[in-house]
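Topology and contacts: notes
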Amino acid sequence: MSKKDKNVQITEEEKMVNGQLVTELTAKKSKLGQVIADQDKFIAVLPSGERFNVKTENEALDLLIRDFHLHRG
């Protein structure tokens, strides 16, 4: 027997916080984390507060989504 695929809708909201562009990802009522633009790099922040420095925004978004699917999805 195979499992059915679950479709999860992820919402992306951009806002300015202390002069920095912050993108928040949410799925239903769960917060996936934030992506903070910091000069020439991006910081992915998990809901636990753990921070990862990455080179691109897409890499940061992928990291947050991957963490959500591994631990909470």
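Anything mentioned here points back to the structure above.
A brief look at the structure comes next. Model, not experiment: these values are computed from the prediction. (Residues numbered from 1 in each chain as written. Predicted model: local features only at pLDDT ≥ 70, side-chain atom pairs only at ≥ 80, totals over all residues. Heavy atoms only, no water.)

Summing up its helical and strand segments, the protein chain has one helix and five strands in all. What you see in the protein chain, going N to C, is helices and strands ordered as β-β-β-β-β-α. Principal-axis analysis of the C-alpha atoms gives the protein chain an extent of 50 × 20 × 20 Å. Here the protein chain holds 73 residues, and 29% of them are scored as buried. Of the contacts formed within the protein chain by residues at least 6 apart in sequence, a portion of 20% connects residues at least 24 apart. Treating the 12 positive side-chain charges of the protein chain as one cloud and the 12 negative ones as another, the clouds have centres 9 Å apart. (Helix = DSSP H or I, 4+ residues; strand = E, 2+ residues; numbered from the N terminus. Buried < 20%, exposed > 50% of the residue type's maximum accessible area, 1.4 Å probe, protein only. Contact = heavy atoms within 4.5 Å. Lys, Arg positive; Asp, Glu negative; His and termini not counted. Charge placed at Lys NZ, Arg CZ, Asp CG, Glu CD.)

This next bit is on the nonpolar core. Counting residues in each nonpolar core, the largest one holds 12 residues, listed as Leu25, Ala27, Leu32, Val35, Ala44, Leu46, Val54, Ala60, Leu61, Leu63, Leu64 and Phe68. Those elements giving two or more residues to this core turn out to be strand E2 (20–27), strand E3 (30–38) and helix H1 (57–71). Ignoring any residue separated from it by four or fewer positions in sequence, one finds Ala44 in contact with Gln34, Glu50, Arg51, Phe52, Ala60, Leu63 and Leu64. (Core = buried A, V, L, I, M, F, W, Y, C linked by side-chain atoms within 4.5 Å.)

With that settled, consider the sheet that holds strand E1 (residues 10–17). Overall, antiparallel pairing links the five strands, which are arranged E1-E2-E3-E4-E5 in an open sheet. At either margin of the open sheet sits one strand with a lone partner, and together these are E1 and strand E5 (51–54). Here the strands of the sheet are splayed against their neighbours by 20 degrees on average, with no regard to which way each runs. Where E1 meets E2, eight bridges bridge the pair, whose relative direction is antiparallel. Looking at the pairing, Glu13 lines up with Glu24 of E2. (Pairing = 2+ DSSP bridges. Axes fitted to C-alpha atoms, helices over the stretch in contact; angles between N-to-C directions.)

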